[in-house]
Amino acid sequence: MGEVFYDDVIVSNKDREAILLEFQEPYQISDQGSSSARIDNSNNANVPNNGPVPETPTIFSLSYFQKFFNVNTEDVVKRIKDSMVPSLKADYYESLIKARPDLYGPVWVCLTLSFSLTIGSNLFDYFNTNRNQMEHWKYGFHVITKALFAVFVYSWVLPIMLWSLLKWYLSSEMCISALELICTYSYALVVYIPLSIFWIVHIPYLQWVLLLAGLISSGIVLISTMQPMVSKENYTVGGAIIVLHIVFNVLIFMYFFH
């Protein structure tokens with residue numbers, strides 16, 4: 001019939017639905033709205049998306065490197081602490097770097113170390129200059145360029161060369177990428193940031209003891225990382241890594257603080 005009579009008042013089906021809606025509880029109304037929304041969403045899900053597909057960034061674009069700077073402070077601090085005091089039981093690369101390399105930490109470490117070497121070298125030179133020659137003493141601004149060159153060559157260029165050597169020429173099974181190797185080498189140099197300040201104190205035996213401590217700390221990080229990739233036939237490569245590491249650290253110490 002479509003109509004209901006209440007005391008001679010004709011109420012249509014449409015009006016009756018409006019009256020009933022006013023007396024419904026709010027959660028009942030919201031449930032109906034959400035159910036209709038779910039139906040709309042399910043219908044929309046079947047509609048093909050004809051929008052443009054985002055392009056994959058190339059290595060020559062800045063957006064490609066953006067993901068390598070997406071790292072939180074806790075991760076960077078953890079990597080710095082464990083590189084300064086490495087554990088003999090845990091593999092630094094396996095536990096902290098593998099599949100999660102970053103460029104924020106390496107850039108920060110290399111820049112900070114370069115500036116600390118420059119400041120420490122100038123202060124060392126200042127404190128050890130004869131008083132009669134103090135008026136002729138000048139701050140060596142050119143030291144920063146040499147420090148930047150040495151640090152970035154060792155922590156960025158050398159790992160790429162080493163990775164290329166192991167992968168292409170020695171056909172070694174590489175379980176590490178070039179970026180992960182750069183990340184490991186850079187974090188291994190963190191220990192020399194405080195050492196470059198302590199080396200200002202001109203006590204020769206103390207300076208050499210600190211250098212030895214830095215060599216051991218950073219060497220453990222590098223050896224534990226590279227050891228699985230150096231086969232028995234390529235032990236000379238492992239020896240070369242150790243020798244280069246020792247030579248770099250001794251040269252840095254001798255040039256900037258002697």
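Residues numbered from 1 in each chain as written. Predicted model: local features only at pLDDT ≥ 70, side-chain atom pairs only at ≥ 80, totals over all residues. Heavy atoms only, no water.

Novice: Any chance you could explain the overall build of the protein chain here in plain terms?
Specialist: When you go through the protein chain residue by residue, the secondary structure sums to eleven helices and two strands. Counting helices and strands in the order they occur from the N terminus, the protein chain gives β-β-α-α-α-α-α-α-α-α-α-α-α. Here the protein chain holds 258 residues, and 34% of them are scored as buried. (Helix = DSSP H or I, 4+ residues; strand = E, 2+ residues; numbered from the N terminus. Buried < 20%, exposed > 50% of the residue type's maximum accessible area, 1.4 Å probe, protein only.)

Novice: I keep staring at helix α8 (residues 178-188) and nothing clicks. Help me out?
Specialist: For α8, a buried count of eleven out of eleven residues is recorded, marking the element as mostly surrounded by other parts of the structure. Residues of α8 that are buried: A178, L179, E180, L181, I182, C183, T184, Y185, S186, Y187 and A188.

Novice: Sorry if this is basic, but what is going on with the pattern of salt bridges here?
Specialist: Close approach of charged atoms allows side chains of opposite charge to pair. Under the defined criterion, the tally for this structure stands at three salt bridges. The salt bridge partner of R79 is D102, with a shortest N-O separation of 2.4 Å. With R79 in helix α4 (residues 73-84) and D102 in the loop between α5 (92-97) and α6 (104-127), this residue pair connects regions lying 23 residues apart in the sequence. Neither residue differs from the other here; R79 and D102 are each classed as buried. The salt bridge involving K98 is made with E94; its shortest N-O contact spans 3.5 Å. By relative accessible area, which is 41% here, E94 ends up partly exposed. (Salt bridge = Lys/Arg side-chain N within 4 Å of Asp/Glu carboxyl O.)

Novice: I'm lost on the environment of N70 in this one. Help?
Specialist: By the element assignment, N70 lies in the loop between α3 (62-66) and α4. Measuring from C-alpha to C-alpha, the distance between N70 and D102 comes to 7.5 Å, with 32 residues separating the pair along the chain.

Novice: Just checking my understanding: could you explain the packing of aromatic side chains for this structure?
Specialist: Centre distance and the angle of the planes are the two values used to describe a pair of aromatic rings. Evaluation of the coordinates by the stated rule reveals twelve aromatic pairs. Clustering of aromatic rings is evident, with ring pairs tying together F124, Y192, W199, W208, F253 and F257. (Phe/Tyr/Trp six-rings, centres within 6.5 Å; stacked < 30°, edge-to-face > 60°.)

Novice: How should the UniProt feature "transmembrane region" (unreviewed entry) in the protein chain be read in this particular structure?
Specialist: Residues given the UniProt feature "transmembrane region" (unreviewed entry) here are residues 103-124, 144-166, 178-199, 205-223 and 235-257. Split by type, residues 103-124 is 95% helix and 0% strand. Its first and last C-alpha atoms lie 31 Å apart. (UniProt positions renumbered as here; feature names shortened; annotations may be inferred.)

Novice: For this particular structure, what's the right way to read a nonpolar patch on the surface?
Specialist: Taken together, L111, F115, I119, L123, Y126, F127, Y139 and F141 make up a surface patch of nonpolar side chains, about 790 Å² in accessible area. With respect to the helices and strands, the residue L111 is situated in helix α6. (Patch = residues over 30% accessible without salt bridge, like charges linked within 9 Å, V, L, I, M, F, W, Y side chains within 5 Å. Areas by Shrake-Rupley, 256 points an atom, 1.4 Å probe, with all protein chains shown as cover.)

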